[in-house]
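Fold and contact review
Okay, here's what each chain looks like letter by letter:
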Amino acid sequence: MSDMLSEGDKAPAFTLPTDEGEKIRLSDLKGQNVVLYFYPKDMTPGCTTEAIDFSALMPKFKKANTAVIGVSKDSVERHGKFREKHDLKVILASDEDGGMLEKYGVWALKKLYGREFMGIVRATYLIDAKGKIARVWPKVKVKGHAEEVLEAAKALDKAGA
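Not measured: the values here are computed from a predicted model.

Conventions we followed
- Residues numbered from 1 in each chain as written.
- Predicted model: local features only at pLDDT ≥ 70, side-chain atom pairs only at ≥ 80, totals over all residues.
- Heavy atoms only, no water.
- Helix = DSSP H or I, 4+ residues; strand = E, 2+ residues; numbered from the N terminus.
- Expected span 1.5 Å × (residues − 1).
- Buried < 20%, exposed > 50% of the residue type's maximum accessible area, 1.4 Å probe, protein only.
- Arc of directions from axis to C-beta.
- Pairing = 2+ DSSP bridges.
- Axes fitted to C-alpha atoms, helices over the stretch in contact; angles between N-to-C directions.
- Contact = heavy atoms within 4.5 Å.
- Polar contact = N/O pair within 3.5 Å; in protein donor to acceptor, adjacent residues only side chain to side chain.

1. As for helix α1 (residues 45–56)
An ideal rise of 1.5 Å per residue puts 16 Å on twelve residues; α1 measures up with 16 Å between its terminal C-alpha atoms. Of all the residues in α1, the buried ones are Cys47, Thr48, Glu50, Ala51, Phe54 and Ser55. Down the axis of α1, the buried set is contained in an arc of 165°. They therefore lie on one face. Exposed residues pointing more than 90 degrees away from the buried face of α1 are listed as Pro45 and Ala56.

2. Regarding the sheet that holds strand β8 (residues 123–127)
Within a sheet, neighbouring strands are paired by backbone hydrogen bonds and run either parallel or antiparallel to one another. Spatial ordering of the open sheet is given by β5-β4-β3-β8-β9, a layout of five strands whose pairing is mixed. Two strands lie at the open edges of the sheet, namely β5 (91–94) and β9 (133–137), each paired on one side alone. Strand-to-strand twist in this sheet, taken as the mean axis angle between neighbours without regard to direction, amounts to 20°. Looking at chain direction, strand β3 (residues 33–38) and β8 are connected through five bridges and run antiparallel.

3. Describing the pairing of strand β6 (residues 107–112)
Note: β6 against strand β7 (residues 115–120), six bridges, orientation antiparallel. Residue Leu112 lies in a different strand from β7, and its bridge partner there is Arg115. Taking the residues that link successive antiparallel strands as the turn, the β6-β7 hairpin has two residues, and the phi of Tyr113 there is positive, at about 50°.

4. Digging into the environment of Ser72
Mapped onto the secondary structure, Ser72 falls in strand β4 (residues 66–72). Counting along the chain gives 34 residues from Ser72 to Phe38, while the straight-line C-alpha distance between them is 6.0 Å. When residues no more than four places from it in sequence are discounted, the contact partners of Ser72 are Tyr39, Pro40, Asp42, His79, Ala93, Ser94, Asp95 and Ile120. Within the local environment of Ser72, its side chain forms a polar contact with the side chain of Asp74, the two groups lying 2.9 Å apart.

Encoded structure:
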């Protein structure tokens, strides 16, 4: 397990498969802001709410020159079913081997009902157009989160970072 990254850090490069059968690379997104939100599992209540909230705001994120990518260890096939079932508009990327999760410090020891296990910490990074981390939301609470991230993305876009 690694520590989470901090504001001002260079965002680690990544290449991940998406639910649409393509690869997404951080380098392909240079010149725009990027929201990377990490979530534990497709089709679970909190993760579904978060994905729907981000999807509903996609036109506003696009207007703020910001791409939104949800990342979990779920397979691209499961991501596809998740997108279809909930009409999701965000990019869903699969990190089945967990390499990116470790680079971003979101693969960690978790506790639930007295049990300890390794899992994904629900966290979000806002990366500026130059590839630097502008904001970090560790241990995200879903309610109102997408709106808060949108406000930060809008401010970042206005600042021309």
